[in-house]
Structures are given as structure tokens and as C-alpha cells.
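# Overview (structure and organization)
So the chains spell out like this:
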Amino acid sequence: MSVARKMPSLSDFDLVPLQNASTALDLSHIVGFNKLTMEGIRYIGFDKKALTLIAEFDVEEMHLNGWKTLHGGMIAAIVDLVTAAALIAAGHPHSGMSADLSVSYVKAAPLGSTVVIVAEADKVGQNLLFARAALYMKSTGDLVATGRHTKFVGGSFAKL
């Protein structure tokens, strides 16, 4: 996925409902910050050929910074969680642990806006998983942020 400054058309993707990512999306056992972050995310579907997951969420008051726009920490958490779900949807049995996460912030997302996340599994390896994401304003298609995520799944994680 090359990051587009404008949101790609969702009709460009062959989206199917998520199947093997269901355990990553099950909130029944999740508590604390992950539950706060994951509760509002709506998973639209996964394109098996493009290894791309599409999701969206609404910016609510609890997601805001002091300027009343989407907090950068919330964006980073969403990149973390949605890229992990994309890697599981791409075929890995679990998401392991983060080895590296980077986010570039491009534009503010105000209260009440809907943000679309396009997350792609770049590589599902034996020890490392690589993914990236782009967040867009649904109303304008403008790029909000981009992120890259590397997950470690080797060692004892490989036995899960």
C-alpha cells in the first residue's frame, strides 16, 4: 500500500467479513485501555488478496486532546490494535508483542468526525510481522495519520 493523501475508494477492495481475526476482536476478555480503545472500532471487512483490513470509528469526547481533536496517543493505539487485527486476519494465529511502532500525524480529526482506518499486513514471517496503516477523515477523504508496526512472534510466542 502506498499511502494516498486521499482515502482510497472502498469499492477498490474485495472486502469480506473477518473470520480468523475474531479472537482479536472479541472484547469479552479485554479490560482497561485496550477495551476503551477497541470498543468503538467497527471492522468493515478484510481483502484477502490485498491483505488489507478496513475499519472505522467515531471521534468521541473521551478521545480528545486539549485542542478538542483526536489525541495522538489514541491514534497510536488505534494503529497498534488495527494493524494487529490485520495481521491475524492475514493468517497469523496471534498478534505477538510490539517491537516497533511509529506514527506520523498529518491532520487533526475533530470531535464527531468518523475516521476510516486502512491497515495492510505487509509481511507475515516466522518471527516478525510487519504492517502499516493510514487513517482518513470519512467526510473529506483527507489523510489524518500514517503508522508502521512491527510485531515479534518468535521464541515462546511461536509455540502458541
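Everything numeric here is computed off the predicted structure, so don't read it as measured data. Starting from 1, residues in each chain are numbered consecutively following that chain's sequence as written. Totals for whole chains, interfaces and linings use all residues, but because this is a predicted model, local features are given only for residues with pLDDT of at least 70 and pairs of side-chain atoms are given and counted only at 80 or more. As a convention, hydrogens and water are excluded, and side-chain values are obtained from all of the structure's heavy atoms.

### Points about the overall build of the protein
When its secondary structure is counted, the protein shows three helices and six strands. Numbering of helices and strands runs from the N terminus; a helix is a DSSP stretch of H or I covering at least four residues, while a strand is a stretch of E covering at least two. Along the protein, from the amino end to the carboxyl end, the secondary structure elements read α-α-β-β-α-β-β-β-β. In this scheme, a residue with accessible area under 20% of its type's maximum is buried, one over 50% is exposed, and one in between is partly exposed, where area comes from a 1.4 Å probe on protein chains only. Relative to its 160 residues, the protein shows a buried fraction of 42%. Taking the intrachain contacts of the protein between residues at least 6 apart in sequence as the baseline, contacts between residues at least 24 apart amount to 69%. For the protein, the accessible surface area stands at approximately 8,100 Å², while carbon and sulfur atoms represent 55% of it. In this analysis, two residues are considered to be in contact whenever any of their non-hydrogen atoms come within 4.5 Å of each other. Under the convention used here, a 1.4 Å probe and the Shrake-Rupley method define accessible areas, while residue burial counts only the protein chains that appear.

### Observations concerning the pattern of salt bridges
In what follows, salt bridge is the name for a side-chain nitrogen of Lys or Arg lying within 4 Å of a carboxyl oxygen of Asp or Glu. Under the criterion given, the structure shown has eight salt bridges. The shortest N-O distance in the salt bridge between Arg-148 and Asp-122 comes to 4.0 Å. Here Arg-148 is found in strand S6 (residues 143-152), whereas its partner Asp-122 is found in strand S4 (residues 114-124), with 26 residues between them in sequence. The class for Asp-122 is partly exposed, based on a relative accessible area of 28%. Beyond isolated ion pairs, a larger network of salt bridges with shared partners links Arg-42, Glu-56, Asp-58 and Lys-138.

### Comments concerning the side chain of His-63
Within the secondary structure, His-63 is located in the loop between strand S2 (52-58) and helix H3 (72-89). Beyond its immediate stretch of four places on either side in the chain, His-63 contacts Phe-57, Asp-58, Thr-69, Leu-70, His-71 and Met-74.

### Side note on the nonpolar core
Among buried residues, the Ala, Val, Leu, Ile, Met, Phe, Trp, Tyr and Cys ones that are joined through side-chain atoms within 4.5 Å form a nonpolar core. Ranked by size, the top nonpolar core spans 25 residues in total, and within it Phe-57, Leu-70, Ile-78, Val-82, Ile-117 and Leu-135 carry the most contacts. Those elements that provide at least two residues to this core are S2, H3, S4, strand S5 (128-137) and S6. Considering each element in turn, this core owes the most residues, eight residues, to H3. Once residues within four sequence positions are removed from consideration, Leu-135 is found in contact with Ile-75, Ile-78, Val-79, Val-115, Val-116, Ile-117, Asp-142, Leu-143, Val-144 and Ala-145. Ile-54, Val-116, Val-118 and Ala-134 belong to the second-largest nonpolar core, a separate cluster that totals seven residues.

### Structural notes on the pairing of S4
Taking burial as the measure, the eleven residues of S4 include eight buried ones, the bulk of the element. In the sheet, S2 pairs with S4 via seven bridges, with the strands oriented antiparallel. What sits directly across from Asp-58, in S4, is Thr-114. Here, any two strands with at least 2 DSSP bridges between them count as paired. Once S4 ends, the chain turns through three residues before running back antiparallel as S5.

### So, unusual backbone geometry
Even without glycine at this site, Leu-51 takes up a positive phi of about 50°. One can find Leu-51 in the loop between strand S1 (42-47) and S2. Relative accessible area serves as the criterion here: at 28%, Leu-51 is assigned to the partly exposed category. Even without being glycine, Lys-68 reaches a positive phi, approximately 60°. Considering the arrangement of structural elements, one finds Lys-68 in the loop between S2 and H3. Taking relative accessible area as the criterion, Lys-68 reaches 57% and is therefore assigned exposed.

### Some remarks on the environment of Ala-109
By secondary structure assignment, the location of Ala-109 is in the loop between strand S3 (97-105) and S4. A relative accessible area of 2% means that Ala-109 is categorised as buried. On a C-alpha basis, the gap between Ala-109 and Tyr-136 in space is 8.8 Å, while along the polypeptide they are 27 residues apart. Setting aside residues no more than four positions away along its own chain, Ala-109 makes contact with Val-59, Thr-69, Leu-70, Val-115, Met-137 and Val-144.

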